[in-house]
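Listed below, chain by chain, are the residues.
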Amino acid sequence: PGPPPPPAGMAQPTAGCIDVAVCGAHMLGLPLNGQLTSRGAWHVASTRTAPGYRLYALPGGPPARPGMVRDASGGALEIEIWRVPQEHFGSFVQGIPEPLGIGRVRTESGQDVAGFLCEGAGIAGAQDITALGGWRAYLARQR
């Protein structure tokens, strides 16, 4: 049957680009967004993950960062999809600090994209903020 369609309003992937799901400090208007835009990436969609993810406010910073982990008991979380030119994807990934990394994230439409995930060991002592539904809601609560 082929891959599932992209989320509503999201164009088909562009040849030579990699779609990346971001869930925190790389989102539009947040402190690390320039790491995407300086590499020629552009915002494709604001959407949610499929159910089955947990979001944690990680210790450390600045900037404050979340960690998203797969967990069957988790919920659907706010994410953005950014289209990164393939020639800049490696330098982008190289700058990601532990316990974060790039894995596969399933969107609410069922599409799998590259995206930020957190190692299980990284959430020790972190605050579970899944119930808020996303990083922006957490930041708004902190203000």
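Residues numbered from 1 in each chain as written. Predicted model: local features only at pLDDT ≥ 70, side-chain atom pairs only at ≥ 80, totals over all residues. Heavy atoms only, no water.

Explain the sheet that holds strand 6 (residues 100–106) here, please?
Through backbone hydrogen bonds, the strands of a sheet pair up, either in parallel or in antiparallel fashion. Spatially, 5 strands are ordered 2-5-1-7-6 in an open sheet, and the strand pairing comes out mixed. Every other strand in the sheet has two partners, leaving strand 2 (42–48) and strand 6 as the edge strands with one partner each. The mean inter-strand angle of the sheet, taken between neighbouring strand axes irrespective of direction, is 35°. When strand 6 meets strand 7 (residues 112–118), the two strands line up antiparallel, connected through 7 bridges. Bridged to valine 105 within strand 7 is valine 113. Across the sheet, helix 2 (residues 86–94) lies against strand 1 (17–22), strand 5 (78–85), strand 6 and strand 7, angled at about 125° from strand 5, the strand it touches most. (Pairing = 2+ DSSP bridges. Helix = DSSP H or I, 4+ residues; strand = E, 2+ residues; numbered from the N terminus. Axes fitted to C-alpha atoms, helices over the stretch in contact; angles between N-to-C directions. Contact = heavy atoms within 4.5 Å.)

For this particular structure, what's the right way to read the sheet that holds strand 4 (residues 66–70)?
Taken in spatial order, the 3 strands line up as 4-3-8 in an open sheet, and their pairing is antiparallel. In this open sheet, the two strands that pair with only one neighbour each are strand 4 and strand 8 (127–128). Bridge analysis of strand 3 (residues 53–57) against strand 4 gives 5 bridges, and the strand direction is antiparallel. Counterpart to tyrosine 56 in the pairing with strand 4 is glycine 67.

What should I look at first to understand the side chain of threonine 47 in this one?
By secondary structure assignment, the location of threonine 47 is in strand 2. There is a polar contact of 3.1 Å between the side chain of threonine 47 and the side chain of glutamate 108. (Polar contact = N/O pair within 3.5 Å; in protein donor to acceptor, adjacent residues only side chain to side chain.)

Mind showing me how you'd approach the nonpolar core here?
In globular proteins that are soluble, nonpolar side chains generally tend to be buried together. Judged by nonpolar contacts, the single largest core of 36 residues is most densely connected at Val22, Leu36, Leu55, Met68, Ile81, Phe116 and Trp135. Not counting residues up to four positions away in its chain, the partners in contact with tryptophan 135 are Cys23, Gly24, Ala25, Leu30, Leu55, Ala57, Ala64, Arg65, Pro66, Glu78 and Ile129. (Core = buried A, V, L, I, M, F, W, Y, C linked by side-chain atoms within 4.5 Å. Buried < 20%, exposed > 50% of the residue type's maximum accessible area, 1.4 Å probe, protein only.)

Would you mind showing me how to read unusual backbone geometry here?
Backbone geometry follows two general trends: most residues other than glycine have a negative phi, and most peptide bonds adopt the trans configuration. Omega for the bond connecting glycine 61 with proline 62 falls within 30 degrees of zero, at -5°, which places this linkage in the cis form. Within the secondary structure, proline 62 is located in the loop between strand 3 and strand 4. Here the bond from proline 62 into proline 63 is cis, since omega is -5°, no more than 30 degrees from zero. Note that proline 63 resides in the loop between strand 3 and strand 4.

Before we go on, may I ask you to explain the packing of aromatic side chains in this structure?
One pair of aromatic rings is described through two measures. These are the centre distance and the angle between the planes. Applying the stated criterion to the full structure yields 2 aromatic pairs. On the basis of an interplanar angle of 85° and a centroid distance of 6.0 Å, the ring pair of phenylalanine 92 and phenylalanine 116 is categorised as edge-to-face. Residue phenylalanine 92 is located in helix 2, and its partner phenylalanine 116 is located in strand 7; the two are separated by 24 residues in the primary sequence. The same class applies to phenylalanine 92 and to phenylalanine 116, which are both buried. (Phe/Tyr/Trp six-rings, centres within 6.5 Å; stacked < 30°, edge-to-face > 60°.)

Which parts of the structure should I look at to understand the pattern of salt bridges?
Close approach of charged atoms allows side chains of opposite charge to pair. As enumerated under the stated definition, the model contains 6 salt bridges in all. In this structure, the salt-bridge partner of glutamate 78 is arginine 136, at a minimum N-O distance of 3.5 Å. Of this pair, glutamate 78 sits in strand 5 while arginine 136 sits in helix 3 (residues 135–142); the two residues are 58 residues apart in sequence, bridging distant segments of the chain. Here arginine 106 makes a salt bridge to aspartate 112, at a shortest N to O gap of 2.7 Å. (Salt bridge = Lys/Arg side-chain N within 4 Å of Asp/Glu carboxyl O.)

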